[in-house]
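Observations on the model geometry
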2 protein chains.
Amino acid sequence: MAAALRTLFSTRHMLMLSLALNLSLMLKMIEEKSSPAESLIIMEKLQPKLIAEVSPSESTQQGRFEAPQPHFSAQETGDTPDDEDSIVNLDHGDPTMYENYWQQMGDRTTVVIPGWQFTSYFSVASNLCWFLEPELANEIIRLHGVVGNAITDGRHIVVGTGSSQLYQAALYAYTSSGASEPVTVVSAAPYYSSYPTATDCVKSSLFRWGGDARVYDGKGPYIELVTSPNNPDGFVRDSVVNRSGGILIHDLAYYWPHYTPITSPANHELTLFTVSKTTGHAGSRIGWALVKDPLIAKKMVKYIEVSTIGVSKDSQVRAAKVLKVVSDGCEGAGGSDKVECLFRYSHSQMTRRWMQLREAVKESGVFSLPEFSPRHCNFLEQSFGSLPAFAWLKCEDGIEDCESFLRRFKIVTRGGRHFGVGPSYVRVSMLDRDRTFNLFVRRLSKIHR
Amino acid sequence: MAAALRTLFSTRHMLMLSLALNLSLMLKMIEEKSSPAESLIIMEKLQPKLIAEVSPSESTQQGRFEAPQPHFSAQETGDTPDDEDSIVNLDHGDPTMYENYWQQMGDRTTVVIPGWQFTSYFSVASNLCWFLEPELANEIIRLHGVVGNAITDGRHIVVGTGSSQLYQAALYAYTSSGASEPVTVVSAAPYYSSYPTATDCVKSSLFRWGGDARVYDGKGPYIELVTSPNNPDGFVRDSVVNRSGGILIHDLAYYWPHYTPITSPANHELTLFTVSKTTGHAGSRIGWALVKDPLIAKKMVKYIEVSTIGVSKDSQVRAAKVLKVVSDGCEGAGGSDKVECLFRYSHSQMTRRWMQLREAVKESGVFSLPEFSPRHCNFLEQSFGSLPAFAWLKCEDGIEDCESFLRRFKIVTRGGRHFGVGPSYVRVSMLDRDRTFNLFVRRLSKIHR
């Protein structure tokens, strides 16, 4: 009998049957024993992906990966009750909006790191960037290829602890050969508020912050930072200092199709990107630079060696996995209905948020926002105006200090002076969780003079 | 019949039976189908801990957590055949020696990070060190309590991307109030070779490297770095500049019982530690500072905010888990036979390695090593002389350039000049993998004049 059975069922078949029996028994136990909340937890342990599809997260009203409708009802905004004492803090660009997407993606980007891994400082000791994990390098190249937002051929990849570290590494690389005077670093106002602080932090004799690039008329060597789309105002930019011999650093943290149309692959000397604004994993602190000149790349590596002896390998392998899943989900997505593609999903989110914000601004009558002309996005295969990660809000009606004005309504933003312009502007993060964002637009819409 | 069975077996019992069936079937499949290598892989997936116990790693000859015998036979050293063309690189302090221990610990320190975690820059926004994961803070405090090597009461913990970043954060914190002259930074020679480079990297106007603390006679404000036990020579140190008003930074990276007797808990203004040298996880880039003055701690946090906007949370949770497992394994270990305790295990390894090295030096006759008097270790409850993470080797017999001399035998070390002393000294890492270390001592023992 046993022998006969063995001819009918291989061990493998028996195993499949047995596994099926497990699952049915487990599900039965859940039914028998558990409260709904308990069964959710048990099921999550069993099948994280399945749960992600039905988990009651902040925006489940939209269903899984259904592109959110750009039209929203008063009811929807009203879903988040406004506790008037709560502080709505949108000062930082904390990209917690993405948490929801990754929850829905379940265990696809879960990483498991065994305890014995990464006892070495080195990834590949003989590589130019010896602390760069090869799998991260591969996924960076692949993702740029999928999206078409940067040329990676003939570039050296330097990984950094966020793009902040790479910014300083680039300053060091371009100035460490040692001129007699510090090299002036400029950027057109409004510029990213961290540039002045990061540049002048330890009062380097190699470089110093020079302020607004539009008014720069120095004769010596200079470095111009070009952030495009720009933080804080979202506009696409080119260099503005019209002089030969200037060094350009391109910060393209926001040159991704959820924020702005991808019109051509970037092709610069030195370009910075960051995981924080690409996939939302700000806590991992991973950025990368694409660098043409190997000598500059080597000096950047030297800076990172001296300042932090490399970059967390745990975060590198995690970033590699996340970028891989993004590429897998977006490869060939373009204009198609591959709604799991991060960029399509987030693009819809941003479209909805910007419409909510513009409606709130209209309802209030006290503020204004920049307008963006539609351009064709080669990746999404559609035309749209930019949907920046920050709103560059202006107080009208003679309100001089917009940051203080909004604080009266317990809305915390970053005032224009930090960005080299007047206090009638504030920068507001558009990437916070739904709850916070909804509170913000609701409160904003009720502000009248 | 079915009803009768149901009274005999609950669903839970059926599940247990079914799971047992799975396991037996899987093991059968492994037997039937797999080559030994395949079954190792499959088994590893099933039971990582079990595999770790039997995996053929570099030093399995010692068995799991059997304290290695300090006496070794010629046979044992001979286990590693010397390919005379291979380069033995012991320039860096790459702590790959620990890989073997963590392999043997199996899955106890495996971390699983879901894809939706860490989309925020913040750990606890209201904390002084807002990017410090609370579980890491708890495990740091606990481990210092278990080992008794530092007082944590009344200290602020600042986490850094390795202690290199914390060193720079400390320089910034003590000097950013802005004197007219850069503050001089000194350390008694031989000092850690990275200090001069890290201090003068971007030619700060806040601080500058001043060299050997023993010859410092400046009148202005100064910072003295006290590394104890010292890198490169392993000696326990106190400050040497005998002047009031000096600021002390204590780098206690090696003040752990595998390297040196723990004689009392450190009680300083600002103390640096690093996971790299405590548990060997150098690739995670996690260090921490214990800081008395909250204003200094706040400025260090500011520096890390500006330079890298915090520290990898992936690596922080991993470090927290590793430190927890170390505390669990070492709590109350002291002089007992709790051989799984990392410090006991590594202390035995270091004892063996130092004996091997001293025998090789004796056999060669060309070199000398520092001697360390035994002191009582409160943690291990025994007396021993220091077992430094680096050997500070001196070439005798009129060999002037020890680094070049050793390169002739394809041994790469770091010459004395990097540490502020003469070229007759070299620093050699004692923390590399068994294979490399064995090659090193074997080759060294054969060098004669």
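Quick caveat, the model's predicted, so the values are computed rather than measured. (Residues numbered from 1 in each chain as written. Chains lettered and ligands numbered in written order. Predicted model: local features only at pLDDT ≥ 70, side-chain atom pairs only at ≥ 80, totals over all residues. Heavy atoms only, no water.)

**Some words on the sheet that holds strand β15 (residues 414-415) of chain A**
All names here are of chain A. Taken in spatial order, the four strands make up an open sheet running β10-β13-β16-β15, and their pairing is antiparallel. Here the strands that pair on one side only, and so sit at the sheet edges, are β10 (367-368) and β15. Relative to strand β16 (residues 425-429), strand β13 (residues 390-395) runs antiparallel, the two being bridged by five bridges. When the bridges of β16 are listed, Lys394 appears paired with Tyr425. The strands touched by helix α13 (residues 342-364) are β10 and β13; relative to β13, the strand with the most contacts, the crossing angle is about 5 degrees. (Pairing = 2+ DSSP bridges. Helix = DSSP H or I, 4+ residues; strand = E, 2+ residues; numbered from the N terminus. Contact = heavy atoms within 4.5 Å. Axes fitted to C-alpha atoms, helices over the stretch in contact; angles between N-to-C directions.)

**Some thoughts on the relation of the copies chain A and chain B**
At an RMSD of 0.0 Å, chain A and chain B line up after a rotation of 180 degrees and a shift of 0.0 Å along the axis. Both chain copies can therefore be described as sitting about a two-fold axis. Both copies share a contact surface, since 100% of the interface residues of chain A are interface residues in chain B too. (Least-squares fit on C-alpha atoms with pLDDT ≥ 70 in both.)

**Side note on the packing of aromatic side chains**
Under the counting rule described, the total for this entry stands at 46 aromatic pairs over all chains. Ring geometry for Trp392(B) against Phe419(B): centres 5.3 Å apart, planes inclined by 80 degrees, an arrangement best described as edge-to-face. Of this pair, Trp392(B) sits in strand β13 (residues 390-395) while Phe419(B) sits in the loop between β15 (414-415) and β16 (425-429); the two residues are 27 residues apart in sequence, bridging distant segments of the chain. Across the pair, exposure class does not vary: Trp392(B) and Phe419(B) are buried alike. A ring pair is formed by Trp392(B) and Tyr425(B), whose centres lie 5.0 Å apart and whose planes are at 10 degrees; its orientation type is stacked. Of this pair, Trp392(B) sits in strand β13 while Tyr425(B) sits in strand β16; the two residues are 33 residues apart in sequence, bridging distant segments of the chain. For Tyr425(B), a relative accessible area of 26% translates into the label partly exposed. Ring pairs connect the aromatic residues Trp256(A), Phe273(A), Trp288(A), Phe343(A) and Phe379(A), which therefore count as one cluster. (Phe/Tyr/Trp six-rings, centres within 6.5 Å; stacked < 30°, edge-to-face > 60°. Buried < 20%, exposed > 50% of the residue type's maximum accessible area, 1.4 Å probe, protein only.)

**Points about the state of the cysteines**
All names here are of chain B. Following the criterion strictly, the structure yields four disulfides over all chains and no others. Here Cys330 connects covalently by a disulfide to Cys341, the sulfurs 2.1 Å from one another. Taking the sign of the S-S torsion, 95 degrees for the link of Cys330 and Cys341, the bridge is right-handed. Note that Cys330 is positioned in helix α12 (residues 313-330) and Cys341 in the loop between α12 and α13 (342-364), a separation of 11 residues in sequence. Accessibility classification places Cys330 together with Cys341 in one group, the buried group. Here Cys395 pairs with Cys402 through a disulfide, and the sulfurs are 2.1 Å apart. The S-S bond linking Cys395 to Cys402 shows a torsion near 65 degrees; that makes this disulfide right-handed. Summarising the burial analysis for this pair, Cys395 and Cys402 share the class buried. (Disulfide = S-S within 2.5 Å.)

**Observations regarding the interface of chain A and chain B**
Contact residues are listed per partner, giving 72 residues for chain A and 72 residues for chain B. With both chains or domains summed, chain A and chain B bury close to 6300 Å², and 60% of this area falls on carbon and sulfur atoms. One can count two salt bridges joining chain A with chain B. Among the ionic pairs, Arg318(B) bridges to Asp314(A), the shortest N-O distance being 2.7 Å. Across the contact surface, chain A and chain B share 43 residue pairs in polar contact (both at pLDDT 80 or more). Looking at the side of chain A that touches chain B element by element, the count peaks at 14 residues for helix α2 (residues 11-33) of chain A. Per-class residue counts for the side of chain A that touches chain B are 30 nonpolar, 30 polar and 12 charged. As defined by bridge partners, strand β2 (residues 111-113) of chain A adjoins strand β2 (residues 111-113) of chain B across three bridges and the pair is classed as antiparallel. (Buried area = accessible area lost by both parts, 1.4 Å probe. Salt bridge = Lys/Arg side-chain N within 4 Å of Asp/Glu carboxyl O. Polar contact = N/O pair within 3.5 Å; in protein donor to acceptor, adjacent residues only side chain to side chain. Nonpolar A, V, L, I, M, F, W, Y, C, P; charged D, E, K, R; others polar.)

**Things to note about helix α15 (residues 434-445) of chain A**
All names here are of chain A. In a regular helix each residue adds 1.5 Å, so 12 residues correspond to 16 Å; α15 covers 16 Å between its end C-alpha atoms and thus fits that length. Counting buried positions along α15 gives 10 out of 12 residues, so the element sits mostly inside the fold. Every buried residue of α15 is accounted for by Asp434, Thr436, Phe437, Asn438, Leu439, Phe440, Val441, Arg443, Leu444 and Ser445. (Expected span 1.5 Å × (residues − 1).)

**Details of the confidence of the model for chain A**
Across chain A, the average pLDDT comes to 85, with 80% of residues at 70 or higher. Note on residues 1-78 of chain A: pLDDT is under 50 here. Beyond four places in sequence and across chains, it has 104 contacts. (pLDDT = per-residue confidence, 0-100.)

**Quick word on the environment of Ile304(A)**
Residue and element names in this part refer to chain A. Mapped onto the elements, Ile304 comes out in helix α11 (residues 294-308). Taking the C-alpha atoms as reference, Ile304 lies 6.6 Å from Ala169; in sequence the two are 135 residues apart. Apart from residues lying up to four places away in sequence, Ile304 is in contact with Phe131, Val158, Val159, Gly160, Gln165, Leu166, Ala169, Ile309, Gly310 and Val311.

**Focus on unusual backbone geometry**
Residue and element names in this part refer to chain A. A cis amide bond, omega -10 degrees, links Ser228 with the succeeding residue Pro229. Examined against the element boundaries, Pro229 turns out to sit in the loop between β6 (222-227) and β7 (247-251). The phi torsion at Ile309 lies on the positive side, around 45 degrees, for a residue other than glycine. Mapped onto the elements, Ile309 comes out in the loop between α11 and α12 (313-330). Taking the relative accessible area as the measure of exposure, Ile309 reaches 17% and is therefore buried.

**Topic: the environment of Ser346(B)**
All names here are of chain B. With respect to the helices, strands and loops of the structure, Ser346 is situated in helix α13. Classification of Ser346 by relative accessible area gives buried; the value is 1%. Sequence spacing of Ser346 and Tyr259 is 87 residues, and the spatial spacing of their C-alpha atoms is 8.5 Å.

**So, α13(B)**
Residues and elements named next belong to chain B. For α13, spanning 23 residues, the distance from its first C-alpha to its last is 32 Å, which sits close to the expected 33 Å at 1.5 Å a residue. Within α13, 17 of the 23 residues are buried, which leaves the element mostly enclosed by the surrounding structure. Gly365 sits one or two positions beyond α13 and adopts a positive phi of about 85 degrees.

**A closer look at the packing of helix α8 (residues 162-175) of chain A against helix α11 (residues 294-308) of chain B**
Two elements in contact, α8(A) and α11(B), have axes separated by 6 Å at closest approach and are oriented at 80 degrees. Between α8(A) and α11(B), the angle is such that the two are roughly perpendicular. Touching Ser164(A), Gln165(A) and Gln168(A) of α8(A) are Val306(B), Ser307(B) and Thr308(B), all from α11(B). (Parallel < 35°, antiparallel > 145°, perpendicular 65-115°, else oblique.)

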